[in-house]
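Spelled out from the first residue to the last, the chains are:
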Amino acid sequence: MWNKICEEIFTELIKKLNSENIRYFVLRNYKGLPEVNEAKDIDLVVEPAKAKYAQELLKKIFKNNGLEYYDDARFDKMLCMHGMSIKNNTGIHIDIIGGYRVKGYEIYTFDELYSHVVEYKDFYVLDEFFDGVMLLVYKIFGYKNPILKDEYREEISECLKNYEDDFRREIHKLFGIGLGNKIAHLIEDGNFDGIINIQKEFTKALKKYARKQSFVKTIGGRIAFLWQKIDRVVIRYRKHKRVFAVLGCDGSGKSTFIDETIKQMNKYYVNDENDNRFHVYHFRPEIIPNLGEVGEKAKVSEQDKDFEKPHRNKPANPISSFFRIAYYTFDYIFGWQKCVRRDVHYDRYSVFDRYSYDFIVDPERSRLRLPRWMRRFFVRLTPQPGVVFILIANADTIYSRKQELDKVEIERQLEEYKKLGEKHKRFHFINAERSPKEIAGEASEIILNFYAK
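Residues numbered from 1 in each chain as written. Predicted model: local features only at pLDDT ≥ 70, side-chain atom pairs only at ≥ 80, totals over all residues. Heavy atoms only, no water.

A few points about a positive patch on the surface
Next up, step 1: A surface patch of like charges, here positive, comprises Lys204, Lys208, Arg211 and Lys212.
Next up, step 2: As for its position among the elements, Lys204 is in helix H9 (residues 199–213).
Next up, step 3: Judged by relative accessible area, which is 63%, Lys204 ranks as exposed. (Patch = residues over 30% accessible without salt bridge, like charges linked within 9 Å, V, L, I, M, F, W, Y side chains within 5 Å. Areas by Shrake-Rupley, 256 points an atom, 1.4 Å probe, with all protein chains shown as cover. Salt bridge = Lys/Arg side-chain N within 4 Å of Asp/Glu carboxyl O. Lys, Arg positive; Asp, Glu negative; His and termini not counted. Charge placed at Lys NZ, Arg CZ, Asp CG, Glu CD. Helix = DSSP H or I, 4+ residues; strand = E, 2+ residues; numbered from the N terminus. Buried < 20%, exposed > 50% of the residue type's maximum accessible area, 1.4 Å probe, protein only.)

The structure is reproduced here in structure tokens:
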């Protein structure tokens, strides 16, 4: 995704920081910049007092270079800044980091890090020695399941080999003589899995070092980090949640539409498929099992798993239907609180393939035999996604794709979806007879218009 626009944005930002004598450095993956960026993003560490100014400056530069959308997410002292343009088919991700801190713990102050910068082309980076030290420390510290890519292992090994005395002195300072020597021996042997296996001991030692350096600063950092987390996930999660649902008859192409939309959105956010920015749920959050599964476990009935026939079973009686819809509504209300808040924590989009609206449009799928007003009442109790896409196509087209429903039922559902979509501006009709790329492009613009700035 790195193109001429991204190059100009980076160059303009660096020139501005240099001209105003703002201290900064690019953390890793800088070779090739500004013409080429082999990484997904750029980590720009800025002196803490100027971090907010740098963030506002970058937003202006995004806008000045024709990017229509901007999005961000804060994690401790790091602000992940995304600039996006549908018109120019561009996405750029730059993290502005106001001093390097992990979950409130500061191992190195900005001044300590800045004492190890060197000039590369027209911008500043960490010297080779400290780049290796930082790679070891911050790729393991604070991670439950740290991952060290082969390229990282090679760089850390080279750092120890080329700067052995300085490297040993540094890890002795951080970890103490005993653990420091153990880590050095593991690196010499190329046994990085061994380092990962002692991650808890590794992290504990660094936390102790941070507290020793400044107990008050560490306590303040921890309080700030935890408060930020509570504020994001508990107090103001509605501000940060991003949820969209996709509705449509069987055969309208929901799965293909979701896959292509996620692919295009990942492009604008400069994600790869391993980033998991989009969490897809099928019909409901599922914090409680299907009633068929419950019946099977209770040895009351055998679970019907013939999902190719959505109307395979007759609707339940009204009393049973009432308990069924109440059971699933409970899952929507409380499952949403658990699942969507968790997605907010990880800065993910929550995506629903179908939603509670199917209680209105297709009650037979859930074996409901209840009056429409009652089904509508329960749907109103469920949390509402910010954006809902309804895929519309000709009944013959839908039937030619999937014969799970007959044409009469398809036409009936299409009419129901049209009535539903007229009720609120959150509903967006998508003509599903076009190519997946075309309809996903339309959906991406709608999502960014609603959720991005």
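Things to note about the nonpolar core
Most often, soluble globular proteins keep nonpolar side chains buried together rather than apart.
Next up, step 1: In this structure, Phe244, Leu247, Phe257, Tyr349 and Phe389 are the most contacted members of the largest nonpolar core, which totals 62 residues.
Next up, step 2: Per-element accounting of this core gives the leading share, seven residues, to helix H14 (residues 318–345). (Core = buried A, V, L, I, M, F, W, Y, C linked by side-chain atoms within 4.5 Å.)

What about the packing of aromatic side chains?
Next up, step 1: Applying the stated rule across the entire model yields 35 aromatic pairs.
Next up, step 2: Their ring planes at 15° and their centres at 4.9 Å tell us that Phe278 and Tyr349 sit as a pair that is stacked. Taken together, the residues Phe278 in strand S9 (residues 278–282) and Tyr349 in strand S10 (residues 349–353) connect sequence positions 71 residues apart. Like Phe278, the residue Tyr349 is buried in the burial classification. (Phe/Tyr/Trp six-rings, centres within 6.5 Å; stacked < 30°, edge-to-face > 60°.)

Things to note about the state of the cysteines
Next up, step 1: Overall, the coordinates contain zero disulfides when judged by the stated rule.
Next up, step 2: The thiol of Cys6 is not disulfide-bonded; the next cysteine sulfur, from Cys80, is found 16 Å away. (Disulfide = S-S within 2.5 Å.)

Things to note about the sheet that holds strand S11 (residues 387–392)
Next up, step 1: Sheet architecture is open: five strands sit in the order S9-S10-S8-S11-S12, paired in parallel fashion. What marks the edges here is a single partner per strand, and that holds for S9 and strand S12 (427–431). Pairwise comparison of adjacent strand axes, ignoring direction, gives a mean angle of 25° for this sheet.
Next up, step 2: With five bridges joining them, S9 and S10 adopt parallel strand pairing. Bridging across to S10, Phe278 finds its partner in Tyr349.
Next up, step 3: Contacts from H14 reach strand S8 (243–247), S9 and S10, with the element oriented near 160° to S9. (Pairing = 2+ DSSP bridges. Axes fitted to C-alpha atoms, helices over the stretch in contact; angles between N-to-C directions. Contact = heavy atoms within 4.5 Å.)

Considering the pattern of salt bridges
Next up, step 1: Evaluated as defined, the whole model comprises 35 salt bridges.
Next up, step 2: In this structure, Arg168 engages Glu164 in a salt bridge whose closest nitrogen and oxygen atoms are separated by 3.2 Å. Here Arg168 pairs with Glu164, and both are found in helix H6 (residues 164–175), just four residues apart, close to one helical turn.
Next up, step 3: Note on Glu164: relative accessible area 34%, which makes it partly exposed.
Next up, step 4: For Lys173, the salt bridge goes to Glu170, with nearest N and O atoms at 2.9 Å.

Some words on the pairing of strand S4 (residues 78–85)
Next up, step 1: Most of S4 sits out of view: seven of its eight residues are buried.
Next up, step 2: Connecting strand S3 (residues 69–75) to the next strand, S4, in antiparallel fashion are two residues, including Asp76 with a positive phi near 55°.
Next up, step 3: Two successive antiparallel strands, S4 and strand S5 (residues 90–97), enclose a turn made up of four residues, where Asn89 displays a positive phi of approximately 50°.

What about the packing of helix H4 (residues 128–140) against H6?
Packed helices, taken two at a time, are described by the angle their axes make and the gap between the axes.
Next up, step 1: Between H4 and H6, the least distance of the axes is 11 Å, while the angle of their chain directions is 35°. Helix-helix and strand crossings are classified by hand; for H4 and H6 the assignment is right-handed. Of the residues in H6, those touching H4 at Phe129, Phe130, Val133, Leu136 and Val137 are Asp166, Phe167, Glu170, Ile171 and Leu174.
Next up, step 2: The residue inventory of the contact of H4 with H6, partitioned by class, reads eight nonpolar, no polar and two charged. (Left-handed = near helix turned anticlockwise from the far one by under 90°. Nonpolar A, V, L, I, M, F, W, Y, C, P; charged D, E, K, R; others polar.)

Structural notes on a negative patch on the surface
Next up, step 1: Residues Glu128, Asp150, Glu151, Glu154 and Glu158 make up a contiguous surface patch of negative charge.
Next up, step 2: Of all the elements, helix H5 (residues 150–162) adds the most residues to the negative patch, at four residues.
Next up, step 3: By the element assignment, Glu128 lies in helix H4.

Overview of a nonpolar patch on the surface
Next up, step 1: Nonpolar side chains collect at one region of the surface, where Phe215, Val216, Ile219 and Ile223 lie side by side and expose about 410 Å² of accessible area between them.
Next up, step 2: Within the secondary structure, Ile219 is located in helix H10 (residues 215–235).

Some thoughts on the environment of Leu381
Next up, step 1: With respect to the element layout, Leu381 can be found in helix H16 (residues 372–381).
Next up, step 2: Put simply, Leu381 and Arg365 are 16 residues apart on the chain and 20 Å apart in space, counted from C-alpha to C-alpha.
Next up, step 3: Look past the residues within four positions of Leu381 in its chain and what remains in contact with it is Thr329 and Ile333.

Points about the confidence of the model for the protein chain
Next up, step 1: The share of residues in the protein chain with pLDDT of 70 or more is 95%, and the mean pLDDT across the chain is 91.
Next up, step 2: Here helix H13 (residues 291–297) stands out as the least confident element of the protein chain, with mean pLDDT 59; S8 is the most confident, with 97. (pLDDT = per-residue confidence, 0-100.)

A short note on unusual backbone geometry
Next up, step 1: Going from Leu33 to Pro34, the amide bond is cis rather than trans, its omega being 5°.
Next up, step 2: As for its placement among the helices and strands, Pro34 is situated in the loop between strand S1 (24–26) and strand S2 (42–46).
Next up, step 3: Notably, Asn29 is not glycine yet its phi reads approximately 50°, a positive angle.
Next up, step 4: Note that Asn29 resides in the loop between S1 and S2.
Next up, step 5: In this structure Asn29 comes out as partly exposed when scored by relative accessible area, which is 35%.

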